Amino acid sequence: MIPKQEKQAVGQRLLAEFRAAGAVEVAPDILLPAGSLLDLYGEDIRARAYVTSDPTRGEMMLRPDFTVPVVQAHMSNGAEPARYCYLGEVFRKQDMGDTRPANPRDNEYLQCGFELFSRDPGADAEVFALFHRALAPLDLQAEIGDMGLLLDAVAGLPLTQARAEALMHHIWRPGRFARLLARFSAPAVARDFPAGTGAWSGLRSDAEMTRRIARLQADAAVAPLSPIWTERLDRLFALRAPAPESLPALRDLAADMPAIADAVTRIEARLQAIAAQGIDLSRVIFDASHGRATLEYYDGFTFSFQAGRQGWPPVASGGRYDALTRVLGKGREIPAVGGILRPGLVAELEGAR
């Protein structure tokens, strides 16, 4: 067990590296108004947040992450470009399942992070290189992905808007996504709904139920998705290789899936920018499904650094979240990318060397 003061010392050292990169240190409140925050975080953290009721402030939650409150503060009064860093505790419930794992995750742990708000096209490479340098002595496995690539692939499927939106909504939940894709790829089963005059049972109104039935009947008339598109999606989601080797495969996929062509061009430019930072791309894994294991507000470049220890979360992770700034910007928006480190895991790895 690593003492708290040792974790804090590691966190302060990492924080100093972020300050040296031009970041201003910020300290969002530990107790945050829940409200729309729970929806912004996505289902993963929403299900794991500690929520309580305050008699005067309403529903509140213990800080599960720094990114959303940092974005809120920046979009309210921040100038651009801007760099922020932070260090503090975050709180998340941990689902132990039927049996307690050998290495359970902490419900409360230190998080150290860096956020960059900038229109510079090289921002992704800058942030990735910053984390790469900070963690270089630990020889971790760097992995990258791009949620924009997957979102574009789904948007390019020959589906109705309703079906495409349903797949988009579940792209961060691979099991549900696969079941939904299988359903859309099979002939729809027509359903008969009685037109009786009796009252509806349940909490939905008559109008809601009528609209729902109309949607189900309309969906039953939609032709199934051709198996060729499922095969192409499977090829894309399964792509995992050293970054330089991934590009030929991505170009081949773009020939069959024109909707991802712009994303592939963007990924190639990003890899060139990362290489220009002095990083050996042959030691970086490109995993096309990497973004599906991240927080739902990431909508572009994603990255993580893995220690390869059973049951461990990433030592560091992050990505691009442009859409989040649009949601919180009240008419303003700015491209943004950032990431977090777990000083406790860094301390544990350093202690084992």
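First, a word on what this report is: a plain description of the structure on this page. In this text the structure is predicted, and so the values were computed from the model without any measurement.

Okay, the pairing of strand β10 (residues 301-306) next. Within β10, five of the six residues are buried, which leaves the element mostly enclosed by the surrounding structure. Where strand β7 (residues 141-146) lies against β10, six bridges are found, and the strand directions are antiparallel. What sits directly across from G145, in β10, is T302. Two elements, β10 and strand β11 (residues 316-320), share four bridges in a ladder whose sense is antiparallel. Bridging across to β11, S304 finds its partner in S317.

Once that is clear, we can look at the packing of helix α6 (residues 147-155) against helix α10 (residues 227-238). Packed helices, taken two at a time, are described by the angle their axes make and the gap between the axes. Where α6 contacts α10, the two axes come as close as 11 Å, and the packing angle between them is 175°. The angle between α6 and α10 falls in the class roughly antiparallel. In contact with L149, L150 and A153 of α6, α10 contributes L233, L236 and F237. Looking at the contact of α6 with α10 residue by residue, the class counts come to six nonpolar, no polar and no charged.

Looking now at the side chain of K7. Relative to the helices and strands, K7 resides in helix α1 (residues 4-20). Take K7: its relative accessible area is 17%, and that puts it in the buried class.

Let us look at helix α4 (residues 67-77). Listing the buried residues of α4 in full gives T67, V68, P69, V70, V71, H74 and M75. In the core, the buried residues of α4 are packed alongside β2 (31-33), α2 (37-41), β5 (82-91), β6 (108-117) and α13 (322-328).

This paragraph deals with the nonpolar core. In a soluble, globular protein the nonpolar side chains are often hidden away together inside. The biggest cluster of nonpolar side chains holds 76 residues, and the ones touching the most others in it are F128 and L149. Sort the elements by how many residues they give to this core and helix α5 (residues 123-135) lands first, with nine residues. Not counting the four nearest positions on each side in its chain, L149 is found in contact with L236, L250, I260, A263, V264, R266, I267, F286 and A288. The next biggest cluster of nonpolar side chains, apart from the first, holds 28 residues, and it includes L32, F66, V68 and F117.

Here the focus is the sheet that holds strand β3 (residues 51-54). The strand order β2-β4-β3 describes an open sheet built from three strands, whose pairing is antiparallel. At either margin of the open sheet sits one strand with a lone partner, and together these are β2 and β3. Put simply, the sheet's adjacent strands are angled 40° from each other on average, direction ignored. Across three bridges, β2 lies against strand β4 (residues 58-62) in antiparallel orientation. Considered in β4, the bridge of L31 is made with L62.

This paragraph deals with the environment of L32. For L32, the location among the structural elements is in strand β2. Owing to a relative accessible area of 7%, L32 belongs among the buried residues under this scheme. With near-sequence residues (within four places) excluded, L32 lies in contact with L37, M60, M61, R63 and P69.

With that settled, consider the state of the cysteines. Here the structure, examined in full by the defined rule, presents zero disulfides. Cysteine C85 is unpaired, with the sulfur of C112 as its nearest cysteine sulfur at 7.0 Å.

Basis of the calculations
Residues numbered from 1 in each chain as written. Predicted model: local features only at pLDDT ≥ 70, side-chain atom pairs only at ≥ 80, totals over all residues. Heavy atoms only, no water. Buried < 20%, exposed > 50% of the residue type's maximum accessible area, 1.4 Å probe, protein only. Helix = DSSP H or I, 4+ residues; strand = E, 2+ residues; numbered from the N terminus. Pairing = 2+ DSSP bridges. Axes fitted to C-alpha atoms, helices over the stretch in contact; angles between N-to-C directions. Parallel < 35°, antiparallel > 145°, perpendicular 65-115°, else oblique. Contact = heavy atoms within 4.5 Å. Nonpolar A, V, L, I, M, F, W, Y, C, P; charged D, E, K, R; others polar. Core = buried A, V, L, I, M, F, W, Y, C linked by side-chain atoms within 4.5 Å. Disulfide = S-S within 2.5 Å.

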